[in-house]
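A look at the structure
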Amino acid sequence: MTERALYVYALVPHRPGAADGVTGVDGHPLRLLDVPGTGVAALVHDADPTPYQGTDEEVRRRVAEQDAAVVAVWERTGTALPMTFNVLVAPDTPSDVPADAPRDARDARSARSAEERLREWIASHADGLRARMDSLADRAELRVEITVDRAASARDDERARSLEAELADRSPGLRRLLTRQLEQIRRESAERLADALYADVRHRLLAVAEDLRERSRSVRDADELGVLSAALLVRRSDIEAVGAVLAAVRDEQPAARIRFLGPWPPYSFADLSDDGPQGASAPAAARG
Amino acid sequence: MTLDDLVEVLLNKGAVLHLDLIVAVADIPLIGVSLRAAVAGMETMLEYGMLRQWDADTRAWAMRSAARHELELRAGEESVVRMYGGHLLDDDFHTTWRPGTVHLTDRRLVVLRRDPREVLWEAELSAVRAVRLESERTVGGESRTRVRVETADGAGALLSAADPERLRDLLVRTCPGPLTSDGPRSPLPGPDERALVEGHLWYREPRRDGPLWRGGNGRLTPAGLVWKSPLDARPALVLPAADVTAVRPGAERGPGGEGTVFTVETGSRGTVTLAADEPRRWVEALGSPRDAPALPSA
């Protein structure tokens, strides 16, 4: 394919020079594609209209490169709507447009370049994009992962303790049975602790963070039970306060294991919730 | 929207896809992701290394055939029943319900996912040794009946089904060998676990920039009040009964209208504001949880 496509990293407020010297995936030099009249620009590199494919290692390297590029420009512009990996805008290629594509794509009379398509898209969404950028200005995303250690969380459980004591001088058959009971008690005990801890930590984090979005669990250790896995949207000046909350939780609850990551560009909060339903956005309830 | 959600949307709910910008590779619309939906968190991929799977799944989705949700029957095999359901993946790393369709034939029991097509779980009926219904209480307090299937190799599965009783009955009738089966067997709830009031409940969640009314499920037991939103992983409100010092009707207007709000004074959380269609039931039961009679679900 000879037509050029654009690989899009993020949408940012247009600040001439903000991409100068920044390189992206595979060392591609980045540029800002300005959309006149909107104040919005797209951070892009010129690419073949072919998504990146490769081994997991290559993907990791490229994702890290993309992240570094977005962070560098984000720090200069103060806000950004980052894209996921492999967002490519291709020129119109009418023969490739499938029959079930939206009408405007099918009806396109003249093929547009990738730049024209992206500019048109940004111009038609400019108000929403600017509003979202403004609401994310001076904010960062933090990631909080909390789990509890199953064994440690049952340490205070009297039933578990007495069963453990009983185990030692029993026959192998009975020991198997008791071990199963012990596992059940530990499971229930850990679940109770996780519920109480979740409610408490969520309450304390929401006093500091502006938004909290839960993510799917990433517990990989069978000895742990997931409590909270969330992305927080936090004012830069409040990042330390989040750390203080987590430090307090760690001190209060010895069974808790805490991972605290960031600050990152607001990857999990860049969706445009003002037009149309968004799967992971905040619940549709009235602010009281 | 995060990549996890994106994958979920793309693979399981293809109908909501908006093809704003299309990249065509070898005549297959590979990245059929609207720019809006693509604004997302890529660190997820750093963690899961799932990009290739994502591409492969997207291709599979693009090329799916019309017959994708049908089970391919073997020669002479006959379908007995098909219903929506799922399989509980429970290994060292995950405990996840994977939705799909439960197919019972005269030879096999299969849980099939449509997109991307995958056999989530499968057993030959000749190997099925026992089937029984189990009651599972979800964290949110809802009770669900599941179908436990045990197989000759000692493994087995926990399945969900649109009509678990029917699935069990048909399975018992279809399986060739004698089968161990019993009626509903739910662990008896302890004295502190029986629900006094249970049902939809609004919780006015305090937040940094002002409180937010959120809908969810409330469950009041003699042990205390638990409230969970279906959007949250765990209950956002866990109030032990001993922590509640007072309960009173609220004056303000709630999401359900006038006269729906009530407040709970607690030692640990201060004043907790809630709202329900019938707040009186909650207020009365909360006021004396130990003495309150068990009520049917709200």
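Predicted model, so just to flag it, every value in this text is computed and none were measured.

What to know about the overall build of chain B
Within chain B, the secondary structure is distributed over six helices and 17 strands. Relative to its 298 residues, chain B shows a buried fraction of 49%. Restricting to contacts in chain B with at least 6 residues of sequence separation, those with at least 24 account for 49%. When the accessible area of chain B is evaluated, it comes to approximately 13900 Å², of which 51% is carbon and sulfur surface.

So, the overall build of chain A
Helix and strand counts for chain A come out as eight helices and nine strands. Taken over 288 residues, chain A has a buried fraction of 49%. Contacts in chain A between residues far apart in sequence, at least 24 positions, make up 74% of those at least 6 positions apart. Taken as a whole, chain A presents about 13400 Å² of accessible surface, with 48% of it coming from carbon and sulfur.

Quick look at the pairing of strand E8 (residues 143–151) of chain B
Residue and element names in this part refer to chain B. The sheet contact formed by strand E7 (residues 128–137) and E8 spans nine bridges and is antiparallel. Note that in E8 the partner of Val128 across the bridge is Thr151. Pairing of E8 with strand E9 (residues 156–161), which is carried by four bridges, proceeds in the antiparallel orientation. The residue bridging Val149 from the neighbouring strand is Ala157, located in E9.

Details of the packing of helix H6 (residues 158–167) of chain A against helix H7 (residues 172–206) of chain A
Residues and elements named next belong to chain A. Where H6 contacts H7, the axes come no closer than 10 Å and their chain directions differ by 160°. Considering their axes alone, H6 and H7 lie roughly antiparallel with respect to each other. In this structure, the crossing between H6 and H7 has a hand that is left-handed. Each of Arg159, Ala160, Leu163, Glu164, Glu166 and Leu167 in H6 lies in contact with H7, whose residues at this interface are Arg175, Leu178, Thr179, Gln181, Leu182, Ile185, Arg186 and Glu188. Considered class by class, the residues forming the contact of H6 with H7 number six nonpolar, two polar and six charged.

Some points on the nonpolar core
Of all hydrophobic cores here, the largest spans 75 residues; its most connected members are Leu228(A), Leu232(A), Phe262(B) and Leu274(B). A total of eight residues in this core trace back to one element, the largest contributor, which is H7(A). In contact with Leu274(B), not counting residues within four places along its chain, are Leu201(B), Trp202(B), Tyr203(B), Trp213(B), Leu225(B), Leu237(B), Thr260(B), Val261(B), Phe262(B) and Val264(B). Judged by nonpolar contacts, the second largest core, of 23 residues, contains Leu118(A), Leu136(A), Leu233(A) and Phe269(A).

Re the sheet that holds strand E13 (residues 224–228) of chain B
Taken together, the seven strands give an open sheet; going across it, the order is E14-E13-E12-E11-E17-E16-E15 (chain B), and neighbouring strands pair in antiparallel fashion. Sheet topology places strand E14 (237–240) and strand E15 (244–249) of chain B at the edges, where each strand pairs with a single neighbour. Along the sheet, successive strands turn relative to each other by an average axial angle of 30°, direction set aside. Where E13(B) lies against E14(B), four bridges are found, and the strand directions are antiparallel. Bridge pairing links Gly224(B) to Pro240(B) in E14(B). Where H7(A) meets the sheet, it contacts strand E11 (197–205), strand E12 (212–221) and E14 of chain B, and its direction lies at approximately 120° from that of E14(B).

Reading the values: the criteria
- Residues numbered from 1 in each chain as written.
- Chains lettered and ligands numbered in written order.
- Predicted model: local features only at pLDDT ≥ 70, side-chain atom pairs only at ≥ 80, totals over all residues.
- Heavy atoms only, no water.
- Helix = DSSP H or I, 4+ residues; strand = E, 2+ residues; numbered from the N terminus.
- Buried < 20%, exposed > 50% of the residue type's maximum accessible area, 1.4 Å probe, protein only.
- Contact = heavy atoms within 4.5 Å.
- Areas by Shrake-Rupley, 256 points an atom, 1.4 Å probe, with all protein chains shown as cover.
- Pairing = 2+ DSSP bridges.
- Axes fitted to C-alpha atoms, helices over the stretch in contact; angles between N-to-C directions.
- Parallel < 35°, antiparallel > 145°, perpendicular 65-115°, else oblique.
- Left-handed = near helix turned anticlockwise from the far one by under 90°.
- Nonpolar A, V, L, I, M, F, W, Y, C, P; charged D, E, K, R; others polar.
- Core = buried A, V, L, I, M, F, W, Y, C linked by side-chain atoms within 4.5 Å.

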